[in-house]
Amino acid sequence: MRDPGSFRDPSGFIFYENNKVFRVINNSYKTNFELFINSGLFGVLQKENKIINHTILSSKKKNIFPNQYKILEIPKINVITYPYEWCFSQLKAAALLTLEIQKISLKYDMGLKDATPYNIQFIKNKPVFIDTLSFEVFKDNYVWKPYKQFCEMFLGPLCLMAFKDPRLNKLLIGSINGISMDLINKLLPFKSKLNPSVFFHLVLQNKISSSKSQSSTSRKISKNQHLSIITQLMSFIKGLSLNKYKTEWGEYYKETINEKKEYLIHKEKVIENWIKKINSNVIWDIGANDGVFSKIAAKKNNSIVYSLDVDWKCVENNFKSNIEENNDNVYPLLIDLVNPSPSIGWLNKERKSIFERLESPDLIMSLALIHHIINLNISIYEFVNLLNKSKKYVILEYVPIDDPKCKEIFSSRGDDFKYISEKDLVKLLNSKFKIINSITLNETKRKLFLIKKN
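Since we're looking at a predicted model, the values are computed, not measured.

(A) Just the sheet that holds strand E3 (residues 55–56), in detail. As summarised here, the arrangement of the 4 strands in space is E1-E2-E4-E3, forming an open sheet in which the pairing is antiparallel. Each of the sheet's edge strands pairs with one partner strand only, and the pair in question is strand E1 (12–17) and E3. Pairing of E1 with strand E2 (residues 20–26), which is carried by 6 bridges, proceeds in the antiparallel orientation. Paired with Phe13 across the bridge in E2 is Val24. Against the sheet, helix H1 (residues 30–38) touches E2, E3 and strand E4 (68–74), its axis set at about 45° to E4.

(B) How the structure looks around the packing of aromatic side chains. Summed over the entire model, instances satisfying the criterion amount to 20 aromatic pairs. These aromatic residues form a ring-pair network of at least three members: Phe13, Phe15, Phe22 and Phe65. Cation over ring: Lys70 sits above Tyr69, and NZ or CZ is 5.4 Å from the ring centre. Directly above the ring of Phe355 sits Lys389, whose terminal nitrogen or CZ lies 5.2 Å from the centroid.

(C) Spotlight on the side chain of Glu397. You can see Glu397 is positioned in strand E13 (residues 393–398). Residue class for Glu397 comes out buried when judged on its relative accessible area of 0%. In this structure the side chain of Glu397 is engaged in a polar contact, spanning 2.6 Å, whose partner is the side chain of Tyr263. A distance of 2.6 Å separates polar atoms of two side chains, one belonging to Glu397 and the other to Lys267.

(D) Representation of the pattern of salt bridges within the structure. Under the definition given, this model contains 17 salt bridges. In this structure, Arg167 and Asp165 form a salt bridge, with 2.8 Å as the shortest nitrogen-oxygen distance. Looking at Arg167, the relative accessible area reads 53%, which means it is exposed. In this structure, Glu397 engages Lys267 in a salt bridge whose closest nitrogen and oxygen atoms are separated by 2.6 Å. In this pair, Glu397 is assigned in strand E13 and Lys267 in helix H9 (residues 261–277), connecting sequence segments 130 residues apart. Neither Glu397 nor Lys267 differs from the other in exposure class; each is buried. The structure contains a network of salt bridges with shared partners spanning Lys267, Glu397, Asp403 and Arg446.

(E) Structural context of a nonpolar patch on the surface. The grouping of Phe7, Trp346 and Leu347 at the surface amounts to a nonpolar patch, some 370 Å² of accessible area in total. With respect to the helices, strands and loops of the structure, Phe7 is situated in the segment before E1. Owing to a relative accessible area of 37%, Phe7 belongs among the partly exposed residues under this scheme.

(F) Summary view of the environment of Ser197. For Ser197, the location among the structural elements is in helix H6 (residues 196–210). The exposure class of Ser197 is buried, given its relative accessible area of 9%. Separated by 112 residues in sequence, Ser197 and Glu85 place their C-alpha atoms 26 Å apart. Every residue in contact with Ser197, bar those within four places of it in the chain, is listed here: Leu202, Gln232 and Phe236.

(G) Spotlight on the environment of Gln149. Of note, Gln149 is situated in helix H4 (residues 147–163). We classify Gln149 as partly exposed; its relative accessible area is 25%. For the pair Gln149 and Arg357, spaced 208 residues apart in the sequence, the C-alpha separation amounts to 25 Å. Apart from residues no more than four positions distant in its own chain, Gln149 is found in contact with Asp114, Ala115, Thr116 and Phe154. A distance of 2.7 Å separates a polar side-chain atom of Gln149 from the backbone nitrogen of Ala115.

(H) Seen up close, the nonpolar core. Phe36, Phe135, Phe150, Leu155, Leu202 and Ile237 are the most contacted members of the largest nonpolar core, which has 65 residues in total. In terms of residue count, the dominant contributor to this core is H4 (11 residues). Membership of the second largest hydrophobic core comes to 36 residues, among which are Val79, Ile335, Phe383 and Val399.

(I) Main features of the side chain of Gln121. Summarising the element assignment, Gln121 is placed in strand E6 (residues 120–123). Within the structure, the side chain of Gln121 is placed 2.8 Å from the backbone nitrogen of Thr81, a separation counted as a polar contact. With residues up to four places along the chain from it excluded, the contact list for Gln121 reads Ile77, Val79, Ile80, Thr81, Lys126, Pro127, Val128 and Ile130.

(J) Broad picture of the sheet that holds strand E9 (residues 282–286). One open sheet accounts for 7 strands, arranged E11-E10-E9-E12-E13-E15-E14; its pairing is mixed. If you trace the sheet from one side to the other, it starts and ends with strand E11 (330–334) and strand E14 (433–440), each paired once. Taken over all neighbouring pairs, the strand axes of this sheet differ in orientation by 20° on average, direction set aside. Pairing between E14 and strand E15 (residues 447–453): 7 bridges, direction antiparallel. Bridging across to E15, Phe433 finds its partner in Lys453.

About the criteria used
- Residues numbered from 1 in each chain as written.
- Predicted model: local features only at pLDDT ≥ 70, side-chain atom pairs only at ≥ 80, totals over all residues.
- Heavy atoms only, no water.
- Pairing = 2+ DSSP bridges.
- Helix = DSSP H or I, 4+ residues; strand = E, 2+ residues; numbered from the N terminus.
- Contact = heavy atoms within 4.5 Å.
- Axes fitted to C-alpha atoms, helices over the stretch in contact; angles between N-to-C directions.
- Phe/Tyr/Trp six-rings, centres within 6.5 Å; stacked < 30°, edge-to-face > 60°.
- Lys NZ or Arg CZ within 6 Å of the ring centre and 35° of its normal.
- Buried < 20%, exposed > 50% of the residue type's maximum accessible area, 1.4 Å probe, protein only.
- Polar contact = N/O pair within 3.5 Å; in protein donor to acceptor, adjacent residues only side chain to side chain.
- Salt bridge = Lys/Arg side-chain N within 4 Å of Asp/Glu carboxyl O.
- Patch = residues over 30% accessible without salt bridge, like charges linked within 9 Å, V, L, I, M, F, W, Y side chains within 5 Å.
- Areas by Shrake-Rupley, 256 points an atom, 1.4 Å probe, with all protein chains shown as cover.
- Core = buried A, V, L, I, M, F, W, Y, C linked by side-chain atoms within 4.5 Å.

So this is what it looks like as structure tokens:
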């Protein structure tokens, strides 16, 4: 089956067969591919774990497709993620990898013909380049053709996140080809434009591209000039950081430790104990905050944990702590469960929705989330349908209506507001699951349920 999102590149495409992933290389890309392999460029990138591996298939796979030159088998990536689901540090790491690869390629008189975050995936929390067909030979000019694309898909979004608001990478959902240069300039604060790098790469380039004057990409530049631009971009992006914004949930665990330390300690012990007893290779931690319990689940069962949260600061802290602690099986993602990443692009098939891409979980953990979901007018029945996506188990934390957090959240609700009682929740859960265990957590009336799918 051909990948519906793999159609824009005339050099080749992706297809699937027997749960394996293959890339077809067309005859038109033969010269570039041979130089990419024979020059040693691929070997260097592979040795440094900057690019995904591939196997060139034998002659028995020849002539399956028209204009076919080679077929590569490439490792299957468990989950494909997109830049609007990444935190600032993830997008920054992907941008720097793109520039590093461009810099290395220059030594071989090659460069990237594409500069898009969709060519990067995170494997064990490290960015890896996945598009083998993105390399082309420089001929009589060292102008980087996708420079504008890099600015609109990497540099612009990063600057908007750093100088304006960390949530602005979400603009990429509605801009599959990047945030246009003119919009980037409209949104950037005036003060940020005084930065020489912002002025040169975003302000000046916007003026050039929107004017009738000769485009900067039509002028010839030398290899050294090209290298200087790439080196300068790398230095600027490395120095970008987020301001110390406060978010609604960014300090949740610190606050909870101060308020209810015994509650958190008890909760950790219960979950550690339950995780040991159940077989769960793939886990979704929904509403994961900064991933405290994602890490517990990953360590105790050596599982892959997709750690989903709507708060950008939580996801940022989650990602950075995993890098610092060398946790390579917890994958933080910026996901709003109430409004998850949709299918976008050509015929809404080019980029799949998040639930089409995530691996089916053996366990879903939903900790201190139920009252927030109900507050967003999602019925408890719909929420249980989400939990039903688990193939085996669910760990659910019930927060009663008289909990201080519930009182705070629902203080403005009218008399017609209904919140599910523990008794009715148990009845609902029993209709779809079997309750294996339940424990009331210290210092609270909150209760953890371990349930198994019928």
